[in-house]
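Structural overview for review
The lines below spell out each chain.
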Amino acid sequence: MNRLALFATAPQGIEPLLAAELRAFGAVEPQPGNGGVAFQGDLETAYRACLWSRLASRILLPLASALPADDADTLYAAARQLPWEEHLDPAHTLAVDFIGTNRAIRHSQFGAQRIKDAIVDCLREQCGRRPAIDTVRPDLRINAHLHGAALTLAIDLSGDSLHRRGYRVTTVAAPMKENLAAALLAKLDWPTLARQGCALLDPLCGSGTLVIEAALMAADIAPGLLREYWGFQGWRGHTAAVWQDLLAEARERRRIGLARSLPPLTGRDRDARAVAAARANAARAGLEQVVRFVQGSLEDMQPPAGAAMGLLVTNPPYGQRLGEQVELEQLYARLGDLLKARFAGWRAAVFTGNPQLGKRMGLKAVKSNAFHNGALPCKLLQFRVEPEFFVDREALDRRAREQALSSALSEGGEAFANRLRKNLRTLGRWAEREDIQCYRLYDADLPEYAVAVDVYGDWLHVQEYAPPAAIAPAKAARRLEHVMTLLPEVLGIPPERIALKVRARQKGTAQYRKQADTGRFLAVREGPARLWVNLTDYLDSGLFLDHRPVRTWLRGQAAGKRFLNLFCYTAAATVHAALGGAAATTSVDLSRTYLDWAARNLELNGLQPGPRHRLIQADCRQWLLRERGEYDLIFLDPPTFSNSKRMEGVLDIQRDHVALIRAAVARLARGGVLVFSTNHRRFRLEREALADLAIEDVTRWSIPKDFARNPRIHQCWRIRRG
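Residues numbered from 1 in each chain as written. Predicted model: local features only at pLDDT ≥ 70, side-chain atom pairs only at ≥ 80, totals over all residues. Heavy atoms only, no water.

**So, unusual backbone geometry**
In this structure, Ala-66 takes a positive phi of about 55° despite not being glycine. Residue position: Ala-66 is located in strand 4 (residues 58-68). Taking relative accessible area as the criterion, Ala-66 reaches 60% and is therefore assigned exposed. We note that Asp-220 has phi near 55°; this positive angle belongs to a residue other than glycine. Within the fold, Asp-220 resides in the loop between helix 7 (209-218) and helix 8 (240-259). (Helix = DSSP H or I, 4+ residues; strand = E, 2+ residues; numbered from the N terminus. Buried < 20%, exposed > 50% of the residue type's maximum accessible area, 1.4 Å probe, protein only.)

Okay, structure coming up:
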């Protein structure tokens, strides 16, 4: 066969590994460069690279390079001169992928269009017909690369990115690409370890990519065997017999590989959806008997039974905000502790976008390799789990805390620390005197430290407000680091009991969406009521602290009355009313998640959801139109805006409040009271449209001492029939 000049594209950082892989396929003179590897080989070598490369993204057959492309006309002329009739039957379909720009050609779509025009015009002239365009699955895909005024044109033999093996039928958020996973395993020399009987474990496996790629390597399975579409199949230079021989060889190697005794290959994840996705992907790859995926926490992981040696390899979540960083520090520390306690003699590798967190593991990395995950620079940290590499993490932590504290204080944090101490003297004593366990200690008192700090017993809930546009993101992030450094020192609360979340302007139901999935609930006390809060998983904790006086007032008024809680959220007000002796309570909300939380709150106080304490899942507006019961006491605290898919229409409290108040008042019994509240900062009550009602503004009374600095936190009215 004739020798061809070829090019294999690859993610940044993988090129040297890819060059070694191609050499094993018979490639001649592989030359790694930026973005890929140039090599030579015959058609069989090109096909073998398509079928067997675990690392390449595409295999290209260059047709011409350094073609002049100063502007659109020269670009067209350069492409027009190639003998396209030798490569594409005009009855077949075509697509052009264009990369690069210059002063005259500023849009890749325009460049692709001009090259497509040149190919179509050429074929029409030579063959009397033109090919159709199919950008998704064409018979021939042309790769065009423009660098300055030089154009390279190539046939994409792969047709689609080779990382798409064909086994990924379902996935989870931010999955790792298959060729990146294979590159990490190649760097760890996994094929050699597998032949030695080394077990493999990924304790944070997600949809299973690392484990499945490890299995394909261990069983000598070509990663392209599941693919049904190849770019060379519609190319006139394709030799089907060569390809069929390679397929037959790959299938036989797969049969032999699966018949061998393979080492244990295990993935674990706490997320049941991730484990289900991993199992489905493994089944599609034909590996369901080779790999094992288990749902379970990191704490429960153990070496597979009988595994004398092994490789633990994982890709923890990266986390972009400081709040996530705090949780990740704990994750890395726990992973290191478990490795040292249970995996003596193993090798371990962590692929991370946060390489500084590797120090939290208490293990000295023996190697650190640079890679990119997309555009994000990452490191592959390699460890040997042996005592000589153990590090005293407590000493490291102590020094790190001392350095962070010194930096925070020297860079302006002393003012924040002093304000915390001052607030603790005043609000802390007030809360203790009033027997208040949950309260706001700090609320952006100093504009440069734009956070809210809420005390929940012996926990802190910290919410970062989005900084003004005038504040540089790096400076805001640095101030937030100061906050998280100083809070434990000033308040004596361990860092692991401080939950941090960013709080920006929210729309619709965003404030109710999950931010994490720890499932960690904390029982707190508010007067006689006990309530469940969650400081990590949602933007809000489940308890609006600014409504504390309102809930206390409702409890004092509820004896013997029928109480209705609209947009009830977690039903904290309902619990207070019930404990105040309400004859019956009804709580309505659209969210099943929050109604389940409400049920738990009732049960925590010895109150059983049922006929006396009804929990109703419904759109409150529609429910009020259907409801015919009467209530003596109604609490109405709707969201500012909601466009939930389960609602009929959109709720805009400024626009809709008159109709909503009237619908609630219609359910008031004689002498009944409606308490209406909103946290819409610019809300204006349309009194003229409600002139027939007796309306009392109780906002000033309803705002507690710990929110006195922020009197616009909510507005509140008591409303009766006139």
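Next comes the rest of the account.
**Observations concerning the sheet that holds strand 14 (residues 367-373)**
Spatially, the seven strands line up as an open sheet ordered 11-10-9-12-13-15-14, and their pairing is mixed. Each edge of the open sheet carries a strand with a single partner, namely strand 11 (291-295) and strand 14. Shown here is a sheet whose adjacent strand axes are inclined to one another by a mean of 20°, direction ignored. Bridge count for strand 12 (residues 310-314) against strand 13 (residues 347-352) is four bridges, and the pairing is parallel. Opposite Leu-312, over in strand 13, you have Ala-348 as the bridge partner. Sheet strands in contact with helix 9 (residues 272-284) are strand 10 (265-269) and strand 11, and its direction is about 165° off that of strand 11. (Pairing = 2+ DSSP bridges. Axes fitted to C-alpha atoms, helices over the stretch in contact; angles between N-to-C directions. Contact = heavy atoms within 4.5 Å.)

**Concerning the pairing of strand 23 (residues 584-589)**
Taking burial as the measure, the six residues of strand 23 include five buried ones, the bulk of the element. The pairing of strand 22 (residues 562-566) with strand 23 spans five bridges and is parallel. For Phe-563, the partnering residue across the bridge sits in strand 23 and is Thr-585. Assessed by its sense of winding, the connection that carries the chain from strand 22 through helix 14 (residues 572-579) to strand 23 is right-handed. Looking at chain direction, strand 23 and strand 24 (residues 613-617) are connected through five bridges and run parallel. If you follow Ser-587 over to strand 24, its bridge partner there is Leu-615. (Right-handed = clockwise from strand over helix to strand, strands pointing away.)

**Comments concerning the sheet that holds strand 2 (residues 28-33)**
Reading across the sheet, the eight strands line up as 2-3-1-4-8-7-5-6 and stay open at both edges, with mixed pairing between neighbours. Strands with a single pairing partner mark the edges of an open sheet, and in this sheet they are strand 2 and strand 6 (132-133). Against the sheet, helix 3 (residues 72-80) engages strand 4, strand 5 (93-99) and strand 8 (150-156), with an angle of about 120° to strand 4.

**Description of the pairing of strand 16 (residues 438-443)**
Where burial is concerned, most of strand 16 is hidden: six out of the six residues are buried. As defined by bridge partners, strand 16 adjoins strand 17 (residues 451-456) across five bridges and the pair is classed as antiparallel. Bridge assignment links Asp-443 to a residue of strand 17, and that residue is Ala-452.

Just distances and angles here, no functional claims.
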